[in-house]
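Structural characterization, general
Okay, here's what each chain looks like letter by letter:
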Amino acid sequence: MDNKIDKTIFWPSIIVVVLATLALVFFRDTAGPVTERLLTGINTNLDWAFEFLTIGLFIILLWLIFGPYGKVKLGKENEHPEFSRFSWGGMLFCASMGTSIMFWSIVEPLYYYTGPPFGIEANSLEAADYALSYGLFHWGISAWALYALPAVVIAYNFFVRRDTSLRISSSCSGVLGKHANGLLGKTIDILVIWSMIGGLGTSLGLGVPMVAAVMGEVFGLEPNLGLNIFIIILWTVIFSSSAYLGLYKGIRRLSDLNIYLALGLALFVIITGPTLFILSYFTNSMGIMLDNFLRMSLYTDPIFESGFPQGWTVFYWAWFAATAPFIGIFVARISKGRSIRELVSNVLLWGSVGSWLYFAVFGGYAMNLELTGQVPLTGILYDQGGQAVVVAVLKSLPFAPVVLTFFLILGFIFLATSLDSASYVIASIATSELKGNKEPARWHRLLWGLMLAIMSIGLTFVGGLTVVQTSSVLVSVPVLIMYILLALSLIKWLKQNDDKHIYVSK
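In this text the structure is predicted, and so the values were computed from the model without any measurement. Within every chain, residues take consecutive numbers counted from 1 along the sequence as written. Side-chain atom pairs in this predicted model are given and counted only at pLDDT of 80 or more, local residue features only at pLDDT of at least 70, and totals for whole chains, interfaces and linings cover all residues. With hydrogens and water set aside, each side-chain value is computed from the structure's full complement of heavy atoms.

1. Things to note about the overall build of the chain
Across its full length, the chain carries 21 helices and zero strands. Only protein chains enter the accessibility calculation, which uses a 1.4 Å probe. A residue is then buried if its area is under 20% of the maximum for its type, exposed if over 50%, and partly exposed in between. Burial statistics for the chain: of 506 residues in total, 63% are counted as buried. Contact criterion: two residues are considered in contact whenever any of their non-hydrogen atoms come within 4.5 Å of each other. Within the chain, counting contacts between residues at least 6 apart in sequence, those at least 24 apart form 85% of the total. A total accessible area of about 19100 Å² is found for the chain, and carbon and sulfur atoms account for 66% of it. A run of DSSP states H or I qualifies as a helix once it reaches four residues; a run of E qualifies as a strand once it reaches two. Both are numbered from the N-terminal end. All accessible-area figures derive from a Shrake-Rupley calculation using a 1.4 Å probe, and residue coverage is judged against the displayed protein chains alone.

Laid out in structure tokens, this is it:
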């Protein structure tokens, strides 16, 4: 069979996940502070490295788009894209963002308003001017550059070099050589699986309380542990069904539905909310972001030591870098038949525009409620938390019960698309070969889905999801080296195969 498991990755990954989860359960009181200290150390001491990495990747991607290799086709001459541009863009966006964009697009501008960068006075008009622009920066082109580079390297290795593996280690083989198949390569792949699980811990850590708060408002329930576990079980049923059906019948259709629902909700808020303010505020914030793009990209604040870039920008870059191998593998798998230029430009475009739309609409609407005094959102944020802010914003809209229900459904589907993509990708990494349109075995995909669910329920019982998401960011340190290996491997392969490329016709 072409889709049998690779035991040297499968079993060590299972053991690492189980042992790490048990350790977090039994030693949660000491694990939390330790991981927090490590995270603070990374954000403080490696701020320059993550910022140079991110802007450096953006420059490399611009070279790939506009340089001589942009026309290289990711596949054979007669191979065409398997998915429509809409389905393709929908899958890459939904797999990447999940419920995180739903939460942070509402809450994040409020944090910047009350704790702005560049020494700006908190709660001032200038702080309000910058509040949305930093959200556009953090979830825009730079973030998607971290996802796009692994995607293009993995896709090139899989569809042009015809490697039968979707592993990160194989995509680093241009530099690693034979070591890619040895202990070093296996270690890289196991680290990638853990970083994915930790990244999903972040999504669950945000998504479960948010959905529980909205569900509590809709059905008159008190958010508690039992409700959180019920939500995880329901999510498991949704994403396991989608992962079982596979890439073509399950994940694609769920992503398509997700995009329609997300666009519908955003359009409703634009029409029923302060339309002109939302449009004007977004335009102004986009101008501020573009005008300060280099400053925001390289801002470390070593003199005033406010901690803003470390607590926000560097944390985001580390979080996105830790989850980038997962997104890269998934995006590469769905990109057969595209050109390098098409893949890179569309990842940057679809991802950034989708994120900007949600920040423009929901961030702009939330800031309008705060600035006009209609709803004291910053007070709610610091008294009751971000989940209460989300509920307050939704309740302020016309037809609030319908909007809350719609948001609840969208939240379920948004995280389900991330989880089914993750179980698919983990199964792909732990599969020996995937030739042609072969997919990981169904039982294999379902197993990882169940593993993710069981781990999430167990950690929810002991409040350990925060430690998992923090530990995933710690993985971003070796991922820094992985980016260098990936970039050098791609450049080496492109230059070696100049005379063998199949180019997309003009």
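Now that the structure has been shown, we can carry on.
2. Re unusual backbone geometry
Despite not being glycine, N123 has its phi angle at roughly 60 degrees, a positive value. Locating N123 in the fold gives a position in the loop between α5 (99–114) and α6 (125–138). Despite not being glycine, E305 shows a phi value in the positive range, around 50 degrees. Judged by relative accessible area, which is 63%, E305 ranks as exposed.

3. Here we look at helix α15 (residues 340–371)
Here, expected helix span is obtained from the residue count minus one, scaled by 1.5 Å. Helix length check: α15, at 32 residues, gives a terminal C-alpha distance of 44 Å against a target of 46 Å (1.5 Å per residue), a fit within 8%. Taken across its 32 residues, α15 has 25 buried, putting it largely inside the fold.

4. Overview of the nonpolar core
By convention a nonpolar core is built from buried Ala, Val, Leu, Ile, Met, Phe, Trp, Tyr and Cys residues, the set being connected through side-chain atoms within 4.5 Å. Counting 177 residues, the largest nonpolar core has L377, W448 and Y483 as the members making the most contacts within it. Look past the residues within four positions of W448 in its chain and what remains in contact with it is F10, S13, I14, V17, I193, I197, S423, I426 and A427.

5. Concerning the packing of α6 against α15
In this analysis, axes come from line fits to C-alpha atoms, helices being fitted only over the stretch in contact, and the angle between any two N-to-C directions falls in the range 0 to 180 degrees. One can describe the packing of α6 onto α15 by two numbers: an axis separation of 10 Å at closest approach and a directional angle of 155 degrees. Comparing the axis directions of α6 and α15 gives the class roughly antiparallel. Here the hand of the crossing between α6 and α15 comes out right-handed. Only W356, F359, A360, G363, G364, M367 and L371 of α15 make contact with α6, whose side of the interface consists of A128, A131, L132, G135 and L136. Polar here means any residue outside two lists: the nonpolar Ala, Val, Leu, Ile, Met, Phe, Trp, Tyr, Cys and Pro, and the charged Asp, Glu, Lys and Arg; Gly therefore counts as polar. The residue makeup of the contact of α6 with α15, split by class, is nine nonpolar, three polar and no charged. Roughly parallel refers to an angle under 35 degrees, roughly antiparallel to one over 145, roughly perpendicular to one between 65 and 115, and oblique to any angle outside these ranges. Put simply, a crossing is left-handed when the front helix is turned counterclockwise from the back one by less than a right angle, and right-handed when it is turned clockwise.

6. So, the packing of helix α7 (residues 141–160) against helix α14 (residues 308–333)
Relative orientation of the contacting elements α7 and α14 amounts to 35 degrees, with a least axis distance of 7 Å. Seen along the crossing, α7 lies across α14 with a hand that is right-handed. In this structure, α7 uses S142, A143, L146, Y147, P150, A151, I154, A155, F158 and F159 to contact α14, whose residues at the interface are W317, F320, A321, T323, A324, P325, I327, G328, I329, V331, A332 and R333. Split into classes, the residues belonging to the contact of α7 with α14 amount to 18 nonpolar, three polar and one charged.

7. Some details on the side chain of E342
You can see E342 is positioned in helix α15. At 2.8 Å, the side chain of E342 forms a polar contact with the side chain of R85. The residues touching E342, leaving out its near neighbours within four places in the chain, are R85 and W88. Polar contacts here mean pairs of N or O atoms no more than 3.5 Å apart (in protein, one a potential hydrogen donor and the other a potential acceptor; neighbouring residues in sequence count only if both atoms are side-chain atoms).

8. Notes on helix α3 (residues 47–66)
One turn of the α-helix equals 3.6 residues, which is why residues spaced by three or four share an orientation. Counted at 1.5 Å a residue, the expected span for α3 with its 20 residues is 28 Å, and the 29 Å between its end C-alpha atoms agrees. In this structure, the buried side of α3 is in contact with α2 (28–45), α7, α13 (293–297), α14, α15 and α21 (476–496).

9. Quick word on the pattern of salt bridges
Criterion for a salt bridge: a side-chain nitrogen of Lys or Arg within 4 Å of a carboxyl oxygen of Asp or Glu. Taken as a whole, this structure holds eight salt bridges when the rule is applied. Close ionic contact of E342 with R338 constitutes a salt bridge, the shortest N to O distance being 3.1 Å. The structure contains a network of salt bridges with shared partners spanning D6, R167 and K186.

10. Quick look at the environment of E82
Residue position: E82 is located in the loop between α3 and α4 (85–97). Judged by relative accessible area, which is 24%, E82 ranks as partly exposed. In sequence terms E82 and K336 are 254 residues apart; their C-alpha atoms lie 6.7 Å from each other.

11. Section: the environment of L62
With respect to the secondary-structure elements, L62 resides in helix α3. Exposure remark for L62: the relative accessible area of 31% places this residue in the partly exposed category. Linking L62 and A145, residues 83 residues apart in sequence, is a C-alpha distance of 9.8 Å.

12. Here's the deal with the side chain of S352
Assignment of secondary structure puts S352 in helix α15. On the basis of relative accessible area, S352 is assigned to the buried category, the value being 1%. Side-chain polar atoms of S352 contact the backbone oxygen of L348, separated by 2.7 Å. Here S352 is in contact with W139, G140, I141, W144 and V347, once residues within four sequence places are set aside.

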